[in-house]
Amino acid sequence: MIKAGIIGFGYMGHFHYNKALQTGQAEVTAILDTDAARREEAKAKGLKAFREDQTDDFMKEDFDLVIVATQNQFHAEYSIQAMKAGHSVLCEKPATLSVRELEEVIRVSNATGQLFTVHQQRRFDRDYLEVKETIDSEKIGHVHTVESRMMGERGVCFGWRADPECGGGMLYDWAPHLIDQYLQLFPDEKVVSVYGRLCSILTPAVDDYVEISMMFTGNINAKIVITTFALEKTPRWYVLADRGSMKIDDISGETGGISRIRKEVKGFESVLGKTGLGPSRTMAPLEPEYIEKLPLPQAEDMSMRYWNNLVAALENREEINVKPEDVLRVMRVIEAVQTSNKRNEVVKTEI
């Protein structure tokens, strides 16, 4: 059994506690938390519970893995402590709050020989896998534009996520997932420019609206919109290619569709002599016989793939899926977004 300790037994700490149990190959034996009620809850589950001033004692436990699920500003500190104590680390995203911090974490990982990985489990979400299968299969041709949106309705960043000193805001909360998905969608392409717009709409201290445009080599434009307040939704995914398009309505991946051209359409020829075409011949709808409707791909349930791979990597049976270099690319994009927002201009990159 893989023995794990959790630092930060809040929402995500509980998430990882349950995932470890579900693998049947890992168990959590101890937690460290500043909150007395959480420590008592952990003890009731049969776990050892440590206070913040007992961090050194916690690190002396017999762990194969330490899970860092604290507020964002502590990720680098605890990850480094754990690896220096001889433990591999699973860190929540964002791994750190800067490229400089992350480079130090990776240096310690290399120096100690301890595995360091980040919880980028949304590589295995059903909606993302459906988009990936469609793009990889080229069933709608060469993709030139992809739009990815995550939209809430409550207009709030919960708890410490509204505190800038904690690394709050949606750029650090949701953007790491959506950026990572794009980097996995186009693994052979470089990000050559980034535009970012960060706004505080209803949460004054941090960004609760994020807009990102990433230009990849291959003339691929990847767009991201994250907002905590949108009462009318646009699709979760919208993909445009030279033979068709794809839409996925929400994160469940259950509804949407794929349409592609059956054969070549030569400009205005298909509408000549017809009336009632709408605002112009250019924007006139195609006749149904030109369009083929395809079902969404049926992605298998991979909700345990991240944790199963983690266990296998710790046992030297598989290569870790989320590598430090992947995480570093994500952080470089995030810093480019911050620079672009500050300058109000597109930032040239080579990421």
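Above this text is the structure in question.
All figures in this text were calculated on a predicted structure; none of them were measured in a lab. Within each chain, residue numbers correspond to sequence positions counted from 1 in written order. Given that the model is predicted, a residue must reach a pLDDT of at least 70 before its local features are reported, and side-chain atom pairs must reach 80 or more before they are shown or counted; all residues, however, enter totals for whole chains, interfaces and linings. To obtain the side-chain values, all non-hydrogen atoms of the structure were used and water was disregarded.

Participant: Describe the pairing of strand E2 (residues 26–32), with residues and values.
Facilitator: Per-residue accessibility, obtained with a 1.4 Å probe over protein chains only, is compared with the maximum for each type, and a residue is labelled buried under 20%, exposed over 50%, and partly exposed between these values. The numbering of helices and of strands both runs from the N terminus, where a helix is a DSSP run of H or I of at least 4 residues and a strand a run of E of at least 2. Counting buried residues along E2, five of its seven residues qualify, which places the element largely inside the surrounding structure. With six bridges connecting them, strand E1 (residues 2–7) and E2 associate as parallel partners. Among the inter-strand pairings, Ile6 is bridged to a residue of E2, identified as Ile31. Only strands joined by at least two bridges in the DSSP assignment are considered to pair.

Participant: Go over the nonpolar core, please, and point to the residues and values.
Facilitator: Working definition of a nonpolar core: buried Ala, Val, Leu, Ile, Met, Phe, Trp, Tyr and Cys residues. They are joined through side-chain atoms within 4.5 Å. Counting 99 residues, the largest nonpolar core has Ile179, Tyr182, Met214 and Trp307 as the members making the most contacts within it. Here the element with the most residues in this core is helix H10 (residues 324–343); it accounts for eight residues.

Participant: Please provide a residue-by-residue account of the state of the cysteines, values included.
Facilitator: Sulfur atoms of two cysteines make up a disulfide when they are within 2.5 Å. With the rule as written, the count across this model stands at zero disulfides. Free of any disulfide, Cys91 has its nearest neighbouring cysteine sulfur in Cys166, separated by 15 Å. Looking at Cys166, it has no disulfide partner, and the nearest cysteine sulfur is the one in Cys157, 12 Å off.

Participant: Break down the sheet that holds strand E11 (residues 237–241) for me, citing the residues and quoting the values.
Facilitator: Pairing is mixed across the open sheet formed by nine strands, whose spatial order is E14-E13-E12-E11-E7-E10-E9-E8-E15. Whereas interior strands pair on both sides, the edge strands pair on one side only; in this sheet they are strand E14 (291–294) and strand E15 (347–348). Of the pairings in the sheet, the one linking strand E7 (residues 143–151) to E11 comprises five bridges and is antiparallel in character. Note on E11: the bridge partner recorded for Ser148 is Trp237.

Participant: So, empty space enclosed by the protein: which residues are in play, and what are the values?
Facilitator: Only protein atoms enter the 1 Å grid used here. Points where a 1.4 Å probe fits but cannot escape make up a cavity, open sets with protein on both sides within 12 Å along at least five of seven lines make up a pocket, and a residue lines them when an atom lies within 4 Å of a point. Grid points are joined across faces, edges and corners, and a volume is the space filled by probe spheres set on the points. The tally for this structure, following the rule as stated, stands at one cavity of 30 Å³ or more. In this model, the largest cavity occupies a volume close to 50 Å³. Taken together, Lys93, Pro94, Ala95, Val118, Gln120, Pro176, Val327, Val330, Met331 and Ile334 form the lining of the largest cavity. When residues in the lining of the largest cavity are grouped by element, the largest group, four residues, is from H10. Classifying every residue of the lining of the largest cavity by side-chain character gives eight nonpolar, one polar and one charged. Amino acids are sorted into nonpolar (Ala, Val, Leu, Ile, Met, Phe, Trp, Tyr, Cys and Pro), charged (Asp, Glu, Lys and Arg) and polar (every other residue, Gly among them).

Participant: Outline the sheet that holds strand E6 (residues 116–118), supporting the account with residue identities and numerical values.
Facilitator: If you trace the six strands from one edge of the open sheet to the other, you get E3-E2-E1-E4-E5-E6, paired in parallel fashion. The sheet terminates laterally at strand E3 (48–50) and E6, the two strands that pair on one side only. Averaged over all adjacent pairs, the angle separating strand axes in this sheet is 25°, with direction ignored. Throughout, a residue-residue contact means that at least one pair of heavy atoms, one from each residue, lies within 4.5 Å. An axis is simply a line fitted to the C-alpha atoms; with a helix, the fit covers only the stretch in contact. Between two such axes, the angle follows the N-to-C directions and lies from 0 to 180 degrees. Sitting on the sheet, helix H1 (residues 11–23) is in contact with E1, E2, strand E4 (65–68) and strand E5 (88–91), with an inclination near 155° to E2.

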